Each structure stands twice: as C-alpha cells, then as structure tokens.
Amino acid sequence: MTPPSWLSPAISSLREAYAAGRMPHALLIHDSPGAGGEWLADWAARLALCLTPAEAPCGHCAGCKRVASGQHPDLLHVGLIEESKQIRIDQVRGLAEELGLTSHQGGYKVGILSPADALNPFAANALLKTLEEPTPRTLLILVATQPSRLPPTIISRCQRLRVRAPTRAVALEWLQQTKGAGDWNAVLDLLGDAPFIAAEADPKAIPALGHETRRTLDEIASGAADPVATAERWSRSEPGLRLRCFENWLTDRIRRHIAPAGNSVEKQSAVHLPPAVSILNIRGLFELVDGVRDLRSVLDVPINRSLALETLLRRLAAR
Ligand SMILES: [Zn+2]
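Rules and cut-offs
Residues numbered from 1 in each chain as written. Predicted model: local features only at pLDDT ≥ 70, side-chain atom pairs only at ≥ 80, totals over all residues. Heavy atoms only, no water. Helix = DSSP H or I, 4+ residues; strand = E, 2+ residues; numbered from the N terminus. Expected span 1.5 Å × (residues − 1). Buried < 20%, exposed > 50% of the residue type's maximum accessible area, 1.4 Å probe, protein only. Arc of directions from axis to C-beta. Donors = N, O, S within 2.8 Å, 3.2 Å for Na, K, Ca; no water. Tetrahedral: all angles 85-135°; square planar, octahedral: opposite > 155°, others 65-115°. 1 Å grid on protein atoms, 1.4 Å probe; cavity = no way out; pocket = protein on both sides within 12 Å on 5 of 7 lines; lining within 4 Å. Points joined across faces, edges and corners; volume = space filled by probe spheres on them. Nonpolar A, V, L, I, M, F, W, Y, C, P; charged D, E, K, R; others polar. Polar contact = N/O pair within 3.5 Å; in protein donor to acceptor, adjacent residues only side chain to side chain. Contact = heavy atoms within 4.5 Å. Core = buried A, V, L, I, M, F, W, Y, C linked by side-chain atoms within 4.5 Å.

**Q** Which residues make up helix α7 (residues 168–179), and what values go with them?
**A** In this model, α7 (12 residues) spans 16 Å end to end at C-alpha, consistent with the 16 Å of a helix rising 1.5 Å per residue. Within the sequence span of α7, burial applies to Ala171, Leu172, Trp174 and Leu175. For α7, the angular spread of buried residues about the axis comes to 165°, placing them on one side. Across from the buried face of α7, at angles greater than 90 degrees, the exposed residues are Ala169 and Gln177.

Here you go:
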C-alpha cells in the first residue's frame, strides 16, 4: 500500500532517525481514531526488520516479506484478547521475555502494543521495567489514542509521535485510491473522519444504513413512525452507528435553523425538510444532541439500550 500522505512527516522523521542510527528504544504513537497509528507502527517494524538497510523498508527482502505475511519471528504484537477490554500483565511479561531473547534474524526485535491505553495498571508496571532496562536493538512501539491514560513514567520513556486524522478531502482521495469508488463521504459522515476505520467498512452498506436511519428520524419527527418499535429495532442493529447518524441528523437541522436566510444552498436543502421538523426549536435540538452524545458515550457499558433510545426518540416525536 502507498503510504497515506498525511503520515509522510512521521515516516520521514522515523527514516531519518533510522539512517542516523538514532532509533529510539520505545516509540509512543499518539493517533487520532482511525488515523493510521497501527499502520505506522507496522511500517516502523518493517523499517527495523528490513534486510536491505539502505532501502528500508524495501518490501522485497525476506524480512519485509515475513512482516507482510504476519510471520516474522522477531515481530511481536500485543493487543486485546477476545472480549477483554484490558491488556493484562501476563501478556506484557510474555512480550518482555521474548524481547529479551536473541533475535532470530540477527537484527532488531520489535514489539507492538496496541491499544497501549488499554494496559491495566499491573501490565503498565511490568512494561515500565522493560522500558527502564531496554535490551540493545529492541524497538517497542506503543499505539494509543488516549495516551493520558498511561502512567507518566511510561510516557516519559518513549519518544512521542503524533498522528492526526487528515482533512476530509485527503481522506476521500486516499479511500478512493486504495479501496476504489464508493460513497466514502457518507461512510466518513457516519464513522467519523477516521479513514482507516472507513477502509474496513462496506461503502454500500454504511451509506444505506445512514439513509434508512435518517428517513426513519424524519418519519418519527412527523409522527409517521413509532419511536418504541424503532428503539427496539435499533438497539439490536448497529446502535452506535444509528446514534452517530441521529447526532448528524440533529446537527444538520440546527445548522439549517441558524443559517442566514439569504444562503441559497441552505434554502435548497430546507425544501426537503418535512414540515414537522421545521417547528422543532433550536434549544430542544441542542438538548437532544446532548442526550444522543451521552448515550453514545455509555454504549459500551451494560445499559438498557432499547429503553434509553426510546426515551430520546419519544422526545423527538413529542416535539
Ligand atoms: Zn526489506
């Protein structure tokens, strides 16, 4: 895959450090969700494990090929296992043990920890020991979207690299190049400006789900659909995406309410608004946005999703 353009500055700085023999022992990639932090970690691993240093990562040598096929004996991944939300101490101990052994290829040994912000306190403590006494020619790469969750003692021992999500236009260009044509704009609307998450999504199914959700919201707002049945259905089918869509739908409407009357584009889109929606007041819309955001933030904890969704949709229907 061609390196995503927004990762070029990070790639250049790693390349320079490698060429100058200044590769850090530990790297903390602080990425925005779906911005490509893991991709960059993998790239750094290929850089260190390539057998043609002058062209690293060359992509053709045995080292590069092994990394690409996920079978390099000197590259170790530590992540979340199955349903677990934490990286545990035994995983970190296993990694430390492996990194302490001589490399199979006679060069670097690389460990990638992602998401590093999921290290539990015991695991973080075990990792600290490895960071304090690094074995020569080891590279530990931590990838985290919320590094503030890591102990400062870990952060201070890593070289930090910030990876931000690209602009919408850059993300669209990259998605079209790597994944082909599709309604990527609609995908990014629903999944957020997170190109690497969008790249895993179905560019037909996601926009269709968004379209269907928005239509149902229009119907609920005009009294043509039942909030109770809808809440029940959505709680079992992509509740996270539905809520994201709900939030976008609400912010669209707020924007249209406060747009200047002379704006022809806004006038055009306002034509499509069902009459019932136009009487929603802005304050009520803002309150609903807050409610939707609150529910999105607790979607991972065991709550009665159907009931929580029903409360929000009833508020929309009652307006
Ligand atoms: Zn190579």
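**Q** Requested: an account of the coordination of the zinc ion, with residues and values cited.
**A** Protein ligation of the zinc ion involves Cys50 (SG), Cys58 (SG), Cys61 (SG) and Cys64 (SG), the donor distances falling in the range 2.2 to 2.4 Å. The site at the zinc ion holds four donor atoms, and with the angles between them running 104 to 118°, its shape is tetrahedral. Look at where the donors of the zinc ion fall in the sequence and you get C-x7-C-x2-C-x2-C.

**Q** Any details on the layout of surface pockets? Residues and values, ideally.
**A** Where empty space is left can be seen by rolling a probe of water-molecule size over the atoms. Here the largest pocket defines a volume of roughly 1200 Å³. In this structure, the largest pocket is lined by 40 residues; those nearest its centre are Pro33, Gly34, Pro115, Thr145 and Ile197. At the level of secondary structure, the elements contributing two or more residues to the lining of the largest pocket comprise α2 (37–49), β4 (138–144), α7, α8 (184–191), α9 (195–198), α12 (239–258) and α15 (282–297). By volume, the second largest pocket amounts to about 470 Å³. Every residue lining the second largest pocket is counted, 20 residues in all, and those nearest its centre are Asp189, Arg214, Asn248, Trp249 and Asp252. Of all the secondary-structure elements, those providing two or more residues to the lining of the second largest pocket are α8, α10 (205–221) and α12. A per-class count over the lining of the second largest pocket returns five nonpolar, five polar and 10 charged.

**Q** Got a sec to walk through the side chain of Asp74? Specific residues and values, please.
**A** For Asp74, the location among the structural elements is in the loop between α3 (62–68) and β2 (75–78). Only 2.7 Å separates the side chain of Asp74 from the backbone nitrogen of His104, close enough to count as a polar contact. Of the polar contacts made by the side chain of Asp74, one reaches the side chain of Lys109; its length is 3.4 Å. Not counting residues up to four positions away in its chain, the partners in contact with Asp74 are Leu49, Ser103, His104, Gln105, Tyr108, Lys109 and Val110.

**Q** Tell me what's going on with the nonpolar core, and back it up with residues and numbers.
**A** If you look at the biggest cluster of nonpolar residues, it comprises 52 residues, and the most contacted ones within it are Leu14, Ile29, Leu40, Val110 and Ile141. It is α2 that provides the largest number of residues to this core, a total of nine residues. Setting aside chain neighbours within four positions, we find Leu40 in contact with Ala10, Ile11, Leu14, Ile29, Leu161 and Val163. Grouped together as the second largest cluster of nonpolar side chains are 25 residues, Val78, Ile87, Leu99 and Leu113 included.

**Q** Now, about the environment of Ala231: what can you tell me, with residues and values included?
**A** Along the chain, Ala231 falls in helix α11 (residues 227–236). Its relative accessible area of 0% is what places Ala231 among the buried residues. Note: C-alpha distance between Ala231 and Leu307 (76 residues apart in sequence) is 7.3 Å. With residues near it in sequence (within four places) discarded, Ala231 still touches Ser306, Leu309, Glu310 and Leu313.

**Q** Requested: an account of the environment of Ala199, with residues and values cited.
**A** With respect to the helices and strands, the residue Ala199 is situated in the loop between α9 and α10. Once residues within four sequence positions are removed from consideration, Ala199 is found in contact with Trp174, Leu175 and Lys179.

**Q** Tell me about unusual backbone geometry, and please be specific about residues and values.
**A** Excluding glycine, most residues fall at negative phi; most peptide bonds, likewise, are trans. Between Ala56 and the following residue, Pro57, the backbone shows a cis peptide bond with an omega angle of -10°. One can find Pro57 in the loop between α2 and α3. Cis rather than trans, the peptide bond between Ser114 and Pro115 has omega equal to -5°. At Glu82, a residue that is not glycine, the phi angle is positive and equals roughly 50°. Within the secondary structure layout, Glu82 lies in the loop between β2 and α4 (89–100). Unlike most non-glycine residues, Arg137 shows phi in positive territory, near 55°.

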